[in-house]
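Chain residues, written in single-letter form:
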Protein chains: 2
Amino acid sequence: MKILYESDDVKLNNRALNYGDGLFETILVKETKIPLLKYHLARLCNGAKKLGMNFGKNDASELGLRISELANEHGSSIIKCILTRGAGGRGYRSLVDAEPEVYVQVFPSPSSMKVSLLREGVLLRECLIRLSCQPALAGLKHLNRLENVLARNEWHDDDVFEGLLLDTGGLIIEATQANIFFNIGSRWVTPDLSFSGVSGVLRGWLLDKSQELGVKTGVTTLSVDDLGKARGCFVCNSVNGIVPVRSISMSNGNEYKFQVDEAYALSNQVRSVMY
Amino acid sequence: MKILYESDDVKLNNRALNYGDGLFETILVKETKIPLLKYHLARLCNGAKKLGMNFGKNDASELGLRISELANEHGSSIIKCILTRGAGGRGYRSLVDAEPEVYVQVFPSPSSMKVSLLREGVLLRECLIRLSCQPALAGLKHLNRLENVLARNEWHDDDVFEGLLLDTGGLIIEATQANIFFNIGSRWVTPDLSFSGVSGVLRGWLLDKSQELGVKTGVTTLSVDDLGKARGCFVCNSVNGIVPVRSISMSNGNEYKFQVDEAYALSNQVRSVMY
């Protein structure tokens, strides 16, 4: 593995640029803490394995060390890592022994979510584009993100915080840059991502830590019909944390409204546990 | 539109590198002729429109002119154009007025297909990965090519020329870097690409010119069951032209064999008409 930085040249024959042949992670540093680092590195390893890239646990450890050093140096920030198969290979075919390249960038810390927005809950709208079903890539944070780009470009109204993404079969999958949970019955359930979607690190953490948090969680298939059964809803990612949703507008004009109290409480609880 | 070259810097925040947010064309120059240039530019325009990029007919004309100049300068070669939305935007969301960047590279001419290989026909094998169905991106030569990369990395045996790609519904779509035609009944038919696959420029040319070539062609849905009905088969792309297929090995051990005479004759005819 080669670690590279913004000052290093990107070559035009880099496979990330030509084919989206790689993975990425967007890692939040709060002061110097990176509570989800283990999850980011595990997802990177898992993705690399699925793509057949030579990036194993030792590489992940080395990268993790470098990320921690940068966190100590820069404090609150976003560290983005783009893991690519490097250059080379003939066309789509890659070199078997290609040495992966990780480009590491440090960005300023984003402004925190406004407390009033978290308190009121945000608006979502259903996107018209449907996510395709590809079990070989589902869950990975790979660089083939045109579906998300098209989805995110469907609206320009800043009052809409996120888009709800269904798959081509009509199942609910995620938001354009966040996972989604619904409070149905006594559990916070989130869609199964075996066929589409990105398996977010905060989603994984919530599923792992639910007992400690005192909530019940679950992974299931969810259709639009289930929206009517949901008492609460939130979207989540590593940068924004848990963001309560107060309403989802569907393309047919239907609107689903949710209570935000429980999601708001969980959002605060997670923030206090994590940082 | 900004035209850039290999000597220009690629920035790490280029959207092609981060999201595969763009399109590409691989254009064969034979001596100084570029017989499929019109098709390449039309596909680029169509793709840009579907992705919401600011690249219209005037840009295509300007790019076409530049490509012709390079063809005159370099002679037989491959000219690769990567059209990207440039940098910028917040996350997946792109800037509405982003000026697209086209990176233009000139590569040496590839060695021609061996006549003996064309005469005998090549071997194909079924790939295990299935193409996902995404009507918003189907047909486009976009930069999200992980499915093709995974497919092409499934085999390392150089005797296998190409992989046969089915979609998640089991329909035949294409090869990893070529389209496919089958001689069924009295027609050369090629799979419908409304849901998956890349709409190749030579495929388009063949469908347009079939009358002049004295063959019947058609676009249809094709399943594995149809393989047994096919007398002949070829794969085609702008670089290799028409390549007759003598056999396809399926993952269940079945093998479909084809006559190559008609495909070979068509391959020669197309080459003589085109260059």
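Refer to the preceding data block for the structure.
Predicted model only: the values in this text are computed from it and were never measured.

## Describing the sheet that holds strand β3 (residues 77-84) of chain A
All names here are of chain A. Judged by pairing direction, the sheet is mixed, and its four strands sit side by side in the order β1-β4-β3-β2 without closing on themselves. Each having just a single partner strand, β1 (2-5) and β2 (22-29) make up the two edges of the open sheet. If you compare each strand with its neighbour and ignore which way they point, the axes differ by 20 degrees on average. In the sheet, β2 pairs with β3 via eight bridges, with the strands oriented antiparallel. By the bridge assignment, Phe24 is partnered in β3 with Ile82.

## Describing the interface of chain B and chain A
Chain B puts 52 residues into the contact, and the matching count from chain A is 52 residues. Taking both sides of the interface into account, the surface hidden between chain B and chain A amounts to around 4,300 Å²; carbon and sulfur atoms contribute 59%. Three residues stand out in chain B for area buried against chain A, namely Leu12, Tyr92 and Leu146 of chain B, and they jointly supply 20% of the buried area on that side. Counting the contacts that link chain B with chain A gives two salt bridges. One salt bridge connects Arg93 of chain A with Asp158 of chain B, and the closest N-O pair in it is separated by 3.3 Å. Remark: the boundary between chain B and chain A carries 19 residue pairs in polar contact (both at pLDDT 80 or more).

## A look at the sheet that holds strand β1 (residues 2-5) of chain B
All names here are of chain B. The strand order across the open sheet formed by four strands is β1-β4-β3-β2, and the pairing between neighbours is mixed. Of all strands in the sheet, those with a lone pairing partner are β1 and β2 (22-29), marking the two edges. Averaged over all neighbouring strand pairs, the angle between strand axes comes to 20 degrees, with direction disregarded. Contacting β2 and β3 (77-84), helix α2 (residues 37-51) runs over the sheet at an angle of about 180 degrees to β2.

Definitions and cut-offs
- Residues numbered from 1 in each chain as written.
- Chains lettered and ligands numbered in written order.
- Predicted model: local features only at pLDDT ≥ 70, side-chain atom pairs only at ≥ 80, totals over all residues.
- Heavy atoms only, no water.
- Pairing = 2+ DSSP bridges.
- Helix = DSSP H or I, 4+ residues; strand = E, 2+ residues; numbered from the N terminus.
- Axes fitted to C-alpha atoms, helices over the stretch in contact; angles between N-to-C directions.
- Contact = heavy atoms within 4.5 Å.
- Buried area = accessible area lost by both parts, 1.4 Å probe.
- Salt bridge = Lys/Arg side-chain N within 4 Å of Asp/Glu carboxyl O.
- Polar contact = N/O pair within 3.5 Å; in protein donor to acceptor, adjacent residues only side chain to side chain.

Everything listed here is a matter of coordinates, which is why it stays silent on function.
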